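Descriptive analysis of the structure
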Amino acid sequence: MTDPDLLELADESPEALYALLEERGWGDGLPVVAPTPERVDAALAGAHADEVIAVLPPRGGAATRRAIAVNAVLAGCPPELTPVLVTAVRALGHQRLNLRGVNATTHPVAPLVIVHGDAVDDLGFNSGLGAFGPGNRANATLGRAVRLVLLHVAGARPGPGDASTQGQPSKYAYCTAESRSEWPPYHHSVGVEAPSAVTVHCGENPHNFHDMESGDIERILDKAASAMATFGVNNACISGGEWFIGLCPEHAATAHAAGWERGDVADYLFERARRPAGEFRRQFELLSWAGWMRDAPDDEMLPMTQEAANIRVFVTGGAGKHSCVIPSWGMTRSVTLPLVP
Amino acid sequence: MTIRIHAPVGPLADDSPQLAPVAPALSGGRIGVLDNGKPNALVLLIRAAEGLAERIGGRVVAVTAKGPRGNAATTCSPQVLATLSKEVELVLTGSAD
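Description of the structure in this document. Please read these numbers as outputs of a predicted model, since none were measured by experiment.

Describing the overall build of chain B
When you go through chain B residue by residue, the secondary structure sums to two helices and four strands. Reading chain B from its N terminus to its C terminus gives the helix and strand order β-β-α-β-α-β. For chain B, the C-alpha radius of gyration of 18 Å lies well beyond 13 Å, the compact-globule estimate for 97 residues. If one aligns the C-alpha atoms of chain B with their principal axes, the spans along those axes are about 60 × 35 × 25 Å. Relative to its full complement of 97 residues, chain B shows a buried share of 34%. Sequence separation of at least 24 residues holds for 69% of the intrachain contacts in chain B that already meet a minimum separation of 6. Split by element, the accessible area of chain B, about 6,200 Å² in all, is 57% carbon and sulfur. Computing the positive centroid from 9 side-chain charges and the negative centroid from 8, chain B places the two 2 Å apart.

Notes on the interface of chain B and chain A
With 24 residues of chain B in contact, the opposing surface of chain A contributes 41 residues. Here chain B meets chain A over a buried area of about 2,700 Å², counting both sides, of which 62% is carbon and sulfur. Looking only at chain B, the three residues that lose the most surface to chain A are Ile5(B), His6(B) and Pro8(B), adding up to 29% of its buried area. Joining chain B to chain A, the criterion identifies zero salt bridges. In terms of strand pairing, strand S1 (residues 6-9) of chain A meets strand S1 (residues 3-6) of chain B through four bridges, oriented antiparallel. Note on S1(B): the bridge partner recorded for Leu7(A) is Ile5(B).

Digging into the pattern of salt bridges
All names here are of chain A. Taken as a whole and assessed by the stated rule, the structure comprises 15 salt bridges over all chains. Its salt-bridge partner being lysine 223, residue aspartate 211 comes within 2.7 Å of it at the nearest N-O pair. Here aspartate 211 is found in the loop between strand S7 (207-210) and helix H9 (217-228), whereas its partner lysine 223 is found in helix H9, with twelve residues between them in sequence. On the accessibility criterion, aspartate 211 (2% relative accessible area) is buried. The class of lysine 223 is partly exposed, set by a relative accessible area of 30%. In this structure, the salt-bridge partner of glutamate 271 is arginine 274, at a minimum N-O distance of 3.6 Å.

Examining the environment of Ala41(B)
Residue and element names in this part refer to chain B. Turning to its location among the elements, alanine 41 is positioned in helix H1 (residues 41-56). Along the backbone, alanine 41 and valine 80 are 39 residues apart, and their C-alpha atoms lie at a distance of 18 Å. With near-sequence residues (within four places) excluded, alanine 41 lies in contact with Asp35 and Asn36.

Some remarks on helix H4 (residues 82-92) of chain A
Burial analysis of H4(A) places nine of its eleven residues in the buried class, the great majority of the element. Taken together, the buried positions of H4(A) are occupied by Thr82(A), Val84(A), Leu85(A), Val86(A), Thr87(A), Ala88(A), Val89(A), Ala91(A) and Leu92(A).

Side note on the side chain of Arg147(A)
Residue and element names in this part refer to chain A. Summarising the element assignment, arginine 147 is placed in helix H7 (residues 137-152). No salt bridge forms around the buried arginine 147; measuring N to O, its nearest opposite-charge neighbour aspartate 162 is 4.1 Å away. The contact partners of arginine 147, leaving out residues within four places of it in the chain, are Ala110, Pro111, Asp162, Lys171 and Tyr172.

Some words on the sheet that holds strand S13 (residues 335-338) of chain A
Residues and elements named next belong to chain A. Reading across from one edge, S5-S4-S6-S13 is the order of the four strands in this open sheet, with mixed pairing throughout. Bordering the open sheet on either side are strand S5 (175-177) and S13, each of which pairs with just one other strand. With direction set aside, neighbouring strand axes in the sheet form an average angle of 20 degrees. Two strands pair when backbone bridges link them, and strand S4 (residues 110-117) and S5 are joined in this way by three bridges, in the parallel orientation. Looking across to S5, one finds that valine 113 is bridged to cysteine 175. Against the sheet, H4 engages S4, strand S6 (196-203) and S13, with an angle of about 45 degrees to S6.

Conventions used here
- For every chain, the first residue of its written sequence is number 1, and the numbers climb from 1 along that sequence.
- Naming scheme: in the order in which they are written, chains are lettered from A and ligands are numbered from 1.
- At least 70 in pLDDT is required for a residue's local features to be given in this predicted model, at least 80 for side-chain atom pairs to be given and counted, and no such filter applies to totals for whole chains, interfaces and linings, which use all residues.
- Excluding hydrogens and water, the side-chain values take into account all heavy atoms of the structure.
- Secondary structure elements follow DSSP: runs of H or I of four or more residues count as helices, runs of E of two or more count as strands, with numbering from the N terminus.
- Our radius of gyration is a C-alpha quantity, and the globule rule it is checked against amounts to 2.2 Å times the number of residues to the power 0.38.
- Type-normalised accessible area, obtained with a 1.4 Å probe on protein chains alone, sets the label of each residue: buried when under 20%, exposed when over 50%, and partly exposed for intermediate values.
- Here a residue-residue contact requires only that any non-hydrogen atoms of the pair lie within 4.5 Å.
- Per-residue and other accessible areas were derived by the Shrake-Rupley procedure at a 1.4 Å probe size, with only the shown protein chains allowed to occlude residues.
- Only four residue types enter the charge count, namely Lys and Arg as positive and Asp and Glu as negative; His and the chain termini do not.
- All charge positions are set by atom: Lys at NZ, Arg at CZ, Asp at CG, Glu at CD.
- Buried area: the sum, over both parts, of the accessible surface (1.4 Å probe) that disappears when the two are put together.
- Salt bridges are defined as contacts in which a side-chain nitrogen from Lys or Arg sits within 4 Å of a carboxyl oxygen from Asp or Glu.
- One requirement defines pairing of two strands: DSSP has to find at least two bridges between them.
- Helix axes use the C-alpha atoms of the stretch in contact, all axes being lines fitted to C-alpha atoms, and the angles between their N-to-C directions lie in the range 0 to 180 degrees.

Shape is all these values report; function is a separate question.
See below:
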């Protein structure tokens, strides 16, 4: 064997592969699929294997199409998901996402992948009941493959490459898909006019809020505002951070029936998710705030982000009346890219 | 049966960062402190730098932040790095935010 990228495993059993990964400090702790050349070639589907999609810190690993495909196979991704994974990795490499900080921080941040448009149905992603998991192969393996790319190519292993104090469950796999709604798809709202797209937002696990009773969108969103207006999230001290609001289809339908667009939901939450400036100051010595917020008197009610445009609304989930807010790590911006087959 | 598998790590990028070579001797060296912006980091770093200086007969000659708008989540400005590389043999800093 001359290719240094290829390893020989004397035993094809899952246990032997598991042991090899453990010995080398690879993997996410769960069993994997063996990335044999045949499987990796299938995932590559004839693409130029050495093309570098992104360079990922802190290791400075080159996320070549081959390296991405290897991790796709390890995660159990079917080959047709490779373009989605490549797009997500491309997003991770964008400077505005600040992957170096995402991996270096003690915050539990994980990149959330949201799949939009035709690809949701075409590739079998689940945007319905249990969209955040478990039980759907596309959501589970795509999210897991992103994490494996981070562990292996970016070197984001807990300790030397990922300083998160506690980690969080979404660091195993964090992928959902956008449900169809009365609104145009999310990616159109951020200027990506493509049939399908992928968004990566680096944030916390979803924080649930529910309203089972009302047909009043303001009462529903007051609960979202309540979930947002907490001092425990980084958005409280970093005003440039985004929020992702994952409305369930029924809550979104209530908003639409009242004549509200996405932007109206964001505007409402910007006005309602507030705390007095003096309370922020009592809680934090270090506040990374916009200038106009720094000048506010103690009794002025300040928002949980410096502008309404930082509140990003998408629809996901199935029947029922549970929605979620997803706080940001703060020093990161989401990236939405068109999905290129 | 023997199987072949691909390693999952991929190559390092051509311009991937490398660790600086280890200084041959610290005795009498000039020490710098690069504040990473976290609460109390500067207190700890200065205390550690002073302790080290005492042990090696060196001096703490530079204490600096990362540069304009620098904070725990951002990289250090090239100007600050260039200055430190001229003024000191060793820099203490925090690697995480």
